[in-house]
Amino acid sequence: MRVLALLVCLLAPVASAQPDETPEPVQVMVVGTFHFDNPNLDIVKTEGRDMMTPEMQAQITEVVDALAAFEPTAIAIERTPARAARYDSLYAAYRAGTHALHDSEDQQLGFRLADRFGHDGLLAIDHRGSFPFEPVLEYAQEKDPAFMTWFVETRARMEDEENARDSTQTLRDILRAMNQPDEVDESHTPYLRIAAVGGGDTYVGADVLSAWYDRNIRIFSNLAAAAKPGDRILVIFGAGHAYTLRELIESADWMELVEATDVL
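Residues numbered from 1 in each chain as written. Predicted model: local features only at pLDDT ≥ 70, side-chain atom pairs only at ≥ 80, totals over all residues. Heavy atoms only, no water.

Colleague: Help me understand unusual backbone geometry in this model?
Modeller: Peptide bonds are mostly trans, and most non-glycine residues show a negative phi. One non-glycine residue with positive phi stands out, namely Glu-71, at about 55°. In this fold, Glu-71 is placed in the loop between α2 (54–67) and β2 (74–77). Despite not being glycine, Tyr-203 has its phi angle at roughly 60°, a positive value. Here Tyr-203 is to be found in the loop between α8 (181–195) and α9 (204–226). Judged by relative accessible area, which is 44%, Tyr-203 ranks as partly exposed. (Helix = DSSP H or I, 4+ residues; strand = E, 2+ residues; numbered from the N terminus. Buried < 20%, exposed > 50% of the residue type's maximum accessible area, 1.4 Å probe, protein only.)

Structure below.
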């Protein structure tokens, strides 16, 4: 009874402090993309393309014009909070005409859109977690040959598909396809296949998926902390993050997920 009474006392002020009106939801559009500057840090390696050519700059402008229809109040990019001041400085220099845009998506898309809507800066919401994939390969080479076969064949297929895509489709078409909900769902499947490696034994695969979720949950935490009621936040991130970020956003009752394909 004492515990119950204490809980009532603790919760009563919280309940009475609730506002009469429900705050406006935070609308979030997640745009999953490949990395324009092609650092090739991911497992799947691609040839990439030169984003600074006149042709690609025209295609980037087309994508920026399309995304502008969302009318974002904030742009979130795949940079850590520790680097926020650095990117705000670069963004200010860009607006002043003293910084030429780098070929990364956070500048080619993020800086241009933020400038178009007069934003003072961008939201740096990334978290650099670990991705302990080497133990998975070491384990599978010894004990799970079926996974190794799947991994080699799947990586080769994905690299061929992405290289072919880059040479035949426009940037807007690529991003539209990457952000189709069924495509986002499919992109998460390899993580689940990895999670099965070492199950019941070492859990090396589960460790990878756990680390991946941990990173994305922390990214969501940064996003949620920066969001204000009524915001319209455009999140520009590597496509691999889209599934988990979308899941978290859809589960947050103060947020609304807006499909990127609505404007792309």
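Colleague: Just to check I follow, could you spell out the packing of aromatic side chains for this structure?
Modeller: Pairs of aromatic rings are described using the distance from one ring centre to the other and the angle between the two planes. The tally for this structure, following the rule as stated, stands at twelve aromatic pairs. A centroid spacing of 6.2 Å and a plane angle of 35° characterise the contact between Tyr-94 and Phe-111, whose relative ring orientation is tilted. Separated by 17 residues along the polypeptide, Tyr-94 in helix α3 (residues 84–96) and Phe-111 in helix α4 (residues 105–116) bring together distant segments of the chain. Look at Tyr-94 and you get partly exposed, because its relative accessible area is 22%. Ring geometry for Phe-131 and Trp-212: centres 6.0 Å apart, planes at 80°, overall edge-to-face. (Phe/Tyr/Trp six-rings, centres within 6.5 Å; stacked < 30°, edge-to-face > 60°.)

Colleague: Would you mind going over the sheet that holds strand β1 (residues 26–33) with me for this structure?
Modeller: Pairing between the strands of a sheet is mediated by backbone hydrogen bonds and can be parallel or antiparallel. An order of β3-β2-β4-β1-β5 is seen for the five strands of this open sheet, with the pairing classed as parallel. Edge positions in the open sheet fall to β3 (123–124) and β5 (255–258), since each of these has one partner strand only. Pairing between β2 and strand β4 (residues 232–238): four bridges, direction parallel. Following the sheet pairing, Ala-76 is matched in β4 by Val-235. Along the sheet face, helix α10 (residues 242–251) touches β1, β4 and β5 and points at about 140° away from the line of β5. (Pairing = 2+ DSSP bridges. Contact = heavy atoms within 4.5 Å. Axes fitted to C-alpha atoms, helices over the stretch in contact; angles between N-to-C directions.)

Colleague: How should the pattern of salt bridges be read in this particular structure?
Modeller: Pairing between side chains becomes possible if they bear opposite charge and their charged atoms approach one another. Scanning all chains against the criterion turns up 15 salt bridges. Where Arg-215 meets Asp-126, a salt bridge forms, and the shortest distance between an N and an O atom there is 3.0 Å. On the criterion of sequence distance, the pair formed by Arg-215 in helix α9 and Asp-126 in the loop between β3 and α5 (134–143) is long-range, its members being 89 residues apart. For the pair Arg-215 and Asp-126, a shared accessibility class is recorded, and that class is buried. Residues Asp-173 and Arg-176 are paired through a salt bridge, measuring 2.7 Å at the closest nitrogen-oxygen approach. Pair noted here: Asp-173 and Arg-176 are both in helix α7 (residues 171–178), with a separation of three residues, about one helical turn. Taking relative accessible area as the criterion, Arg-176 reaches 28% and is therefore assigned partly exposed. By sharing partners, the salt bridges in this structure join Glu-78, Asp-126, Arg-128 and Arg-215 into a single network. (Salt bridge = Lys/Arg side-chain N within 4 Å of Asp/Glu carboxyl O.)

Take it as geometry only, folks, not as evidence of what the structure does.
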